[in-house]
Amino acid sequence: MSKALDGVRILDFTHVQSGPTCTQLLAWFGADVIKVERAGAGDITREQLRDIPDVDSLYFTMLNHNKRSVTIDTKNPEGKLVLEALIQKCDVLVENFAPGALDRMGFTWERIQELNPRMIVASVKGFGPGPYEDCKVYENVAQCAGGAASTTGFDDGPPVVSGAQIGDSGTGLHLALGIVTALYQRTLTGRGQKVLAAMQDGVLNLCRVKLRDQQRLERTGTMKEYPQYPNGTFGEAVPRAGNASGGGQPGWILKCKGWETDPNAYIYFITQAPVWAKICNVIGKEEWATDPNYATPAARLPHLKDIFAEIERWTMTKTKFEAMQILNKYDIPCGPILSMKEIAEEPSLRKTGTIVEVDHPTRGKYLTVGNPIKLSDSPTEVKRSPLLGEHTDEVMTELGYSPEQISALRTAGAI
Ligand code: COA
């Protein structure tokens, strides 16, 4: 069966997490992703957080499926010529080096355009143009600079970063969209273009609702769905909202049976207005359905804390799965807090290919997250990540180098 990006060749100069997430998605959609790495070392994540000595880490293997790996010294003059040949053959160059690194290698936008005017050059950087554009950036820096950390956590505690890698993987997703969009535009214009996804911008895009709240706060001085209302105080900036829902339907995380020993025995409970009467019935507070102090969303806002405390008295008598089953019968929106262990063992996620078991020649079997985006005409087959330089000879041959030339380049340290 054909794949959506069949025939698209990606020169993958990415490393660590943000860029590799992007090119892995493109590979899953069928692009031929050629990852260029430094001989001997490769992507630094190959050796980071290793759980098995001398074997590519899960950090690396889980971000580099379906790619080919070639090792080229891009600072070696002959290595540069190999890279030029690759630039001429590929459709997209993706990189997430520190600012200026590609230029320092001699591959400026102008030079790349000379070599291949159809080339799309896609970059992840920490910041867009401005005071911080030259800074190196990692995940949590982006979460802090993009507004996520200041709005995450509880009011009486410090800013908190999220387990979701919204700075790295989130920006990789943004970049992938930019690339396929540029590829589409190229079919009309015949020209390549630059694509930039700055991590601060990507995080801020995901924190859009908090910029919404900043403006609401400035206009009205309060936000009734925040836990700070009605007894706490609001300052000048959007405060940390704990586990409040962030939308128009109040929600909170509540304890379930077993919470004393299981750190994940909790459920997210949403007091959605249309099912309020059903919620009252389930928790045994039928009178709240008609009591003017509780019957309408506006009436409930001043005492949400007490309402959730009452609901929690009920959820604490059920496991999170029992509560989920009962609440779903009445269309009450809720969700169990699932641990990574529970997610890894969930059969339905295995069935859809969202969790996949992969076999690797040196590591053996491991679990990974498959393609979260499902296309009906372009199914994803998750293939193991490449060993360092595994495809150097293969790719060099495709570029037209003879076995003798390959051997000479190897001796010269260019590949
Ligand atoms: N051959 C020769 N040299 C190579 C090479 C190759 N195949 N591949 C990379 N290099 C060189 C680069 O040219 C660069 O050299 P220079 O500094 O002399 O110009 C050098 O390796 C290191 O690259 P750099 O990107 O600076 O790596 P780093 O480990 O110092 O920084 C980051 C890592 C992630 C902080 C930085 O790359 C960055 O800020 N990236 C943009 C934002 C980003 O994506 N962050 C999230 C990562 S998950």
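Computed from a prediction, not measured in an experiment: that's the story for all the values here.

Peer 1: When you look at the sheet that holds strand S9 (residues 334-336) in this model, what are you seeing that I'm missing?
Peer 2: The pairing of strands in a sheet happens through backbone hydrogen bonds and is either parallel or antiparallel. Across the sheet, three strands lie side by side as S7-S8-S9; this open sheet has antiparallel pairing. Looking at which strands have only one partner, the edges of the open sheet turn out to be strand S7 (251-255) and S9. Taken pair by pair, the neighbouring strands of this sheet meet at an average axis angle of 20°, ignoring direction. Sheet analysis places strand S8 (residues 266-270) next to S9, joined by three bridges and oriented antiparallel. Of the residues in S9, the one forming a bridge with Ile267 is Pro336.

Peer 1: Would you take a moment to explain the packing of helix H1 (residues 18-28) against helix H7 (residues 169-189) for this structure?
Peer 2: Two packed helices can be described by the angle between their axes and the distance between those axes. Where H1 contacts H7, the two axes come as close as 7 Å, and the packing angle between them is 45°. One way to sum up the angle between H1 and H7 is to call them oblique. The interaxial crossing formed by H1 with H7 has right-handed handedness. Contacts between H1 and H7 involve Ser18, Thr21, Cys22, Leu25 and Leu26 on the former and, on the latter, Ser169, Gly172, Leu173, Leu175, Ala176, Ile179 and Val180.

Peer 1: Help me understand the packing of aromatic side chains, please; the structure alone is not making it clear to me.
Peer 2: Two aromatic rings, taken as a pair, are described by how far apart their centres are and by the angle between their planes. Per the counting criterion, the structure on display carries six aromatic pairs. Between Trp276 and Trp288 the ring centres are 6.2 Å apart and the planes differ by 10°, which places this aromatic pair in the stacked class. Of the two residues, Trp276 sits in helix H10 (residues 276-283) while Trp288 sits in the loop between H10 and helix H11 (297-300), which places them 12 residues apart along the sequence. For the pair formed by Trp276 and Trp288, the shared burial category is buried. Each member of the aromatic cluster is reached from another via a ring pair, and the members are Trp276, Trp288 and Tyr294. Sitting over the face of the ring of Trp276, Arg300 holds its NZ or CZ atom 4.0 Å from the ring centroid.

Peer 1: Explain the pattern of salt bridges to me, please; I cannot follow it from the model alone.
Peer 2: In total, this model carries 21 salt bridges according to the counting rule given. Where Arg410 meets Asp393, a salt bridge forms, and the shortest distance between an N and an O atom there is 2.6 Å. Of this pair, Arg410 sits in helix H17 (residues 403-411) while Asp393 sits in helix H16 (residues 392-398), and the two are 17 residues apart along the sequence. By relative accessible area, Arg410 is classed as partly exposed at 40%.

Peer 1: Which parts of the structure should I look at to understand the packing of H10 against helix H12 (residues 304-315)?
Peer 2: The interhelical angle for the contact between H10 and H12, taken along N-to-C directions, is 50°, at an axis separation of 9 Å. In terms of orientation, H10 and H12 fall into the oblique class. Only Ile307, Glu310, Ile311 and Trp314 of H12 make contact with H10, whose side of the interface consists of Trp276, Ile279, Val282 and Ile283. Looking at the contact of H10 with H12, its residues break down into seven nonpolar, no polar and one charged.

Peer 1: Just to check I follow, could you spell out the site of the ligand for this structure?
Peer 2: Among the 23 residues in the neighbourhood of the ligand, the closest are listed as Lys75, Ala98, Arg104, Lys136 and Val137. Between the ligand and Phe97, the relevant distance is 3.4 Å, taken from a nitrogen atom to a main-chain nitrogen or oxygen of the residue. One of the side-chain N or O atoms of Lys136 is found 2.5 Å from an oxygen atom in the ligand. Protein chains shield 85% of the accessible area of the ligand, which is 930 Å² for the free molecule.

Peer 1: I'm lost on the sheet that holds strand S4 (residues 92-95) in this one. Help?
Peer 2: Strands sit in the order S3-S2-S1-S4-S5-S6 across an open sheet of six strands; the sheet is parallel. In this open sheet, the two edge strands, each paired with only one partner strand, are strand S3 (67-71) and strand S6 (194-198). The mean inter-strand angle of the sheet, taken between neighbouring strand axes irrespective of direction, is 20°. Sheet topology note: the S4/strand S5 (residues 120-125) ladder contains four bridges and is parallel. Residue pairing across strands places Val92 opposite Ile120, the latter belonging to S5.

About the criteria used
Residues numbered from 1 in each chain as written. Predicted model: local features only at pLDDT ≥ 70, side-chain atom pairs only at ≥ 80, totals over all residues. Heavy atoms only, no water. Pairing = 2+ DSSP bridges. Helix = DSSP H or I, 4+ residues; strand = E, 2+ residues; numbered from the N terminus. Axes fitted to C-alpha atoms, helices over the stretch in contact; angles between N-to-C directions. Parallel < 35°, antiparallel > 145°, perpendicular 65-115°, else oblique. Left-handed = near helix turned anticlockwise from the far one by under 90°. Contact = heavy atoms within 4.5 Å. Phe/Tyr/Trp six-rings, centres within 6.5 Å; stacked < 30°, edge-to-face > 60°. Buried < 20%, exposed > 50% of the residue type's maximum accessible area, 1.4 Å probe, protein only. Lys NZ or Arg CZ within 6 Å of the ring centre and 35° of its normal. Salt bridge = Lys/Arg side-chain N within 4 Å of Asp/Glu carboxyl O. Nonpolar A, V, L, I, M, F, W, Y, C, P; charged D, E, K, R; others polar. Near = heavy atom within 4 Å. Polar contact = N/O pair within 3.5 Å; in protein donor to acceptor, adjacent residues only side chain to side chain. Areas by Shrake-Rupley, 256 points an atom, 1.4 Å probe, with all protein chains shown as cover.

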